[in-house]
Each structure stands twice: as structure tokens, then as C-alpha cells.
Amino acid sequence: MDAHLCTGCGACAYLEPDALRMVDVPEFGRRPLPVVSVNGANGNGIGACPGARLQHDKDALDDAPFRGEWGPILELYECWSTDPEVRHRGSSGGVISALSAHAVASGSAVGALQVQAKKDAPLENETVLNRGYDEIIGAAGSRYSPASPCERLDLVESADGRCVVVGKPCDIAATVSASKARPALSDKLALTIGIFCAGTPSTRGTEEVVRRLKTDPADVRRVDYRGEGWPGRFRITTKNGETKSFSYEESWGETLQKHRQWRCMICPDHTGEFADLSVGDPWYRKLEEGEPGRSLVVVRTENGREALHSALRDGALEGHPIPLERLPQSQPNLASTRGAVWARVLTMRLVGLPAPTFSGLPSFRPWLRLDLRTKISSVGGTLKRIKRRGLRVPESRAGQASAEDGAGR
């Protein structure tokens, strides 16, 4: 949206295909054209927009652990793919790929809606409905670049059976909202899998990492953001076959996270609270050198529980339940970010900027737990970013967004 609240999910383009299409804006991310109005002129698209609103159903957090601050949780597992190649290739154990492939192999789904690199533009993404094991596994690995999986929910709606949908938290929230508006889509959802997310960098971010590797982005044939080990390295392969890489910290920590879109920095849902299953890294302990990948799997619905248990029973995954406390221990930065979000959104409203509405995603209590310096920074840092990023200027008229923000308070 033109108010700097767009997540780039593509749900508006799916719901209004005759009026909207998604394009990649290198400075910001995936955006609908023509620009969608925050005032709701495009009713169906705005109604499903996770950038404008996130809302849990009334009873979704009843009896939820951690007072609902990590969303609905039925169980917490640590898992990995039993296929050594998939486990090595995936960003953290190949669990999402294994779950998707198992759903198709078991007959509970006919395909998996996934994001993968464009064949003719490897720094960009495309959304496909993969139906075979090799195709699903071929899409394994994180893509720290803009993607609009919801734009192609038409592939799910028109499929000859139910499908798995894989996406970032905002993508899954949009999928759930769109399914309420389109019963034909709801009937085709076999399983939703959310990926833990700390924010989406723009295409400019990837280009900067590539240039830091002393390579012209036009000369890149393949980009891998992680994988081939845990957590894996950022790797590029050039058109002449040369391979270059950075560590995860050198790529994400030093460059990519500075290019995250603004909406990601005011998001309370980084762990896929609206998904059946959500998957992320278990950073609760120090990794041993060469350790094979593992994933946290958060079971959020009964549908997700059955899908996970089925994959474990059938041998597609190995794993075991772990104490729920491992979730906040694994993602301490996300807990502090959720608290800061409360102050960031309040600050936006106080200075007259459009801000998203969140219902059923507790963030005030996490803010109260922050130390005084971080609390002050959550307000002062927001005021600085409003000016630095030009958030008072409509995104369609803004210049290139500043990439000087850090992992951000």
C-alpha cells in the first residue's frame, strides 16, 4: 500500500486479478499496481491485507501458553528430514520440504504452493504449485528476498485437490483471510506452513551482498541464501561457474537485514501464528561445528498436529517433543521485537501516520518487560526512521529507501 504498510504478499492481486498485479520494486519489495489505497477503495483486497490488519479469531488464544504472546501453541517439536540430502540442502533440517512432500506422497494434498528462484532472474522469486517430490525438494532453502505467494492462490483454488501453502507469517495470515472471503479456496487448503521471519529485505539488499562479493548482479546464475549445512552460507554461482560465499552473519547480519521493508519492523507476528504448523531455527543452544540441521516445529492447530504426527509415523521426519520454553529461548530477539512494535505503532499514530491494526496479538506486556533504554529507543528510533525513510511521503513517490537501519530497536 502507499502508506508503507504493504507486506508484498499478493493477496490483493489474487482477489482482484482484473484490477491489480504484483511487480518487484527494487527499493521496497513486491508491490501491487496500481497502488492500493489504505482507505479501502479496493474492498476485497484490503479486507485480506495483513499489512493493514492482523486479527486472531475470538477464541484462538484461549489457554494459549505464554499468555498468548507466541500465538496458539498445542505442541512444540524439534525435527529433521530423514532424507540426508533434503536435510543437508534445507536451511534448518529440511522440515518444510519434507512435510510438503509427505503431504503429497500420502495423498492428503496434490501439490505445494512454494516460492523459488526465477530461472531467468535468480535474484528474484516466483511462486509455483509443485506436485512431485523432486520439484518440492528443488524449492528447498530460504529466500531472503521479496516474494508474493498469495498472488498465485488461484493455482490452489483451481487445483484438482487440496494443497499445501508455504509462506512467511504475513503470507499465511493473508491466505487464511482470503480463504474466508473465497470458500472455493478454503476447500482446497490441506495444510498451511509458516516460516519464522525476521523481515523481508528488498532486492537491493541482495544486490548489495552480491556486489560485496565483487560481482555484478547481472553476472549471477544462482543465489542460495542458506542451506548446504546449518545454518549455511550465502552463496552465488556466476555465469562462468565461479562460486563465492559469505557467512550467515556477513550476509544477513551485515547487509540484508538493513534492507528490510518498513512494514516488517512494525509486525508482531514473526513466527507464523496463523499457520497450522510454523517452522524456524532452534537457536536455544550453541551449534556444534558441522552439526546437521534441525527445526523447531510449532503445532498451532489440530490439522497441523495430524500432519506432523503423520509425517513422523510414516518416517518422513524424525524428531521429538521438547519443552515449550524452548520457543522463546530460541528466538529471544523476536520477543523483544514484539514489545518494541507496540511503541512503534503507537508512535506512528501519535504523529498522524497510518498504522496497522492488531487484535489478539499481545504486545504491550512484552513492551513493559523491555529495559528502559530499549523502551525509549522504540519511540525515538521510530521518529528517526519516519524521517530517514521518508514515511510521510507516499511510497509510490518516495525515493530509494534508506538502508542504514540496523537490526533495529
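Fair warning: this is a prediction, and the values are worked out from it, not measured in the lab.

Draft legend 1. View of the overall build of the protein. When its secondary structure is counted, the protein shows 15 helices and 15 strands. Relative to the 2.2 N^0.38 estimate, which gives 22 Å for 409 residues, the radius of gyration of the protein is 20 Å and therefore close to what a compact globule would have. Considered along the principal axes of its C-alpha atoms, the protein spans approximately 55 × 55 × 50 Å. A buried classification covers 58% of the 409 residues belonging to the protein. Excluding contacts between residues fewer than 6 apart, the proportion of contacts in the protein whose partners are at least 24 apart in sequence is 72%. If you sum the accessible surface of the protein, you get close to 17,200 Å²; carbon and sulfur atoms cover 49% of it. Within the protein, the 51 negative side-chain charges are centred at a point lying 7 Å from the centre of the 54 positive side-chain charges.

Draft legend 2. Quick peek at the sheet that holds strand 4 (residues 75–81). If you trace the eight strands from one edge of the open sheet to the other, you get 6-5-7-8-12-13-4-14, paired in mixed fashion. Edge positions in the open sheet fall to strand 6 (125–130) and strand 14 (317–321), since each of these has one partner strand only. For this sheet the average axis-to-axis angle between neighbouring strands, irrespective of direction, equals 25°. Taken together, the five bridges between strand 7 (residues 163–167) and strand 8 (residues 189–195) define a ladder with parallel strand orientation. Following the sheet pairing, V165 is matched in strand 8 by T192.

Draft legend 3. Main features of the packing of helix 13 (residues 332–350) against helix 15 (residues 372–388). Remark: helix 13 packs on helix 15, axes separated minimally by 8 Å, with the N-to-C direction vectors making an angle of 50°. Taken together, helix 13 and helix 15 sit at an angle that is classed as oblique. Along this stretch, helix 13 crosses helix 15, giving a crossing that reads as right-handed. Of helix 15, the residues touching helix 13 (which contributes A340, A343, R344, T347 and M348) are S378, V379, T382, L383 and R385. Taken together, the residues that form the contact of helix 13 with helix 15 break down as five nonpolar, three polar and two charged.

Draft legend 4. Highlighting the state of the cysteines. This model, assessed by the stated rule, comprises zero disulfides. In this structure C197 is not part of a disulfide, and its nearest cysteine sulfur, from C264, lies 5.7 Å away. Using a relative accessible area of 16% as the deciding quantity, one classes C197 as buried. With relative accessibility at 11%, the residue C264 sits in the buried group.

Thresholds applied
- Every chain begins its residue count from 1, and numbering advances along the sequence as written.
- In view of the model being predicted, local features appear only for residues whose pLDDT reaches at least 70, and side-chain atom pairs are presented and counted only at 80 or more, with totals across whole chains, interfaces and linings using the full set of residues.
- To get the side-chain values, take all heavy atoms of the structure and skip hydrogens and water.
- Counting from the N terminus, the helices are DSSP H or I runs at least four residues long and the strands are E runs at least two residues long.
- For the radius of gyration, the atoms used are the C-alpha atoms, and the globule rule reads 2.2 Å times the number of residues raised to 0.38.
- Throughout, exposure labels follow a simple rule: accessible area from a 1.4 Å probe, protein chains only, divided by the maximum for the residue type, with under 20% read as buried, over 50% as exposed, and the rest as partly exposed.
- It only takes one pair of heavy atoms within 4.5 Å for two residues to be counted as in contact.
- Here, Shrake-Rupley sampling with a 1.4 Å probe gives the accessible areas, and only protein chains in the shown set may cover a residue.
- Counted as positive: Lys and Arg. Counted as negative: Asp and Glu, with His and the chain ends omitted from the count.
- To locate a charge, the coordinates of NZ of Lys, CZ of Arg, CG of Asp or CD of Glu are taken.
- A pair of strands counts as paired when DSSP detects no fewer than two bridges linking them.
- Every axis in this analysis is a line fitted to C-alpha atoms, fitted for helices over the stretch in contact. Angles between the N-to-C directions lie between 0 and 180 degrees.
- In these notes the angle categories are as follows: under 35 degrees is roughly parallel, over 145 is roughly antiparallel, 65 to 115 is roughly perpendicular, and the rest is oblique.
- Left-handed describes a crossing in which the near helix is turned anticlockwise from the far one by less than a right angle; the clockwise case is right-handed.
- Gly is placed with the polar residues, together with every amino acid not listed as nonpolar (Ala, Val, Leu, Ile, Met, Phe, Trp, Tyr, Cys and Pro) or charged (Asp, Glu, Lys and Arg).
- The rule for a disulfide is simple: a pair of cysteine sulfur atoms within 2.5 Å.

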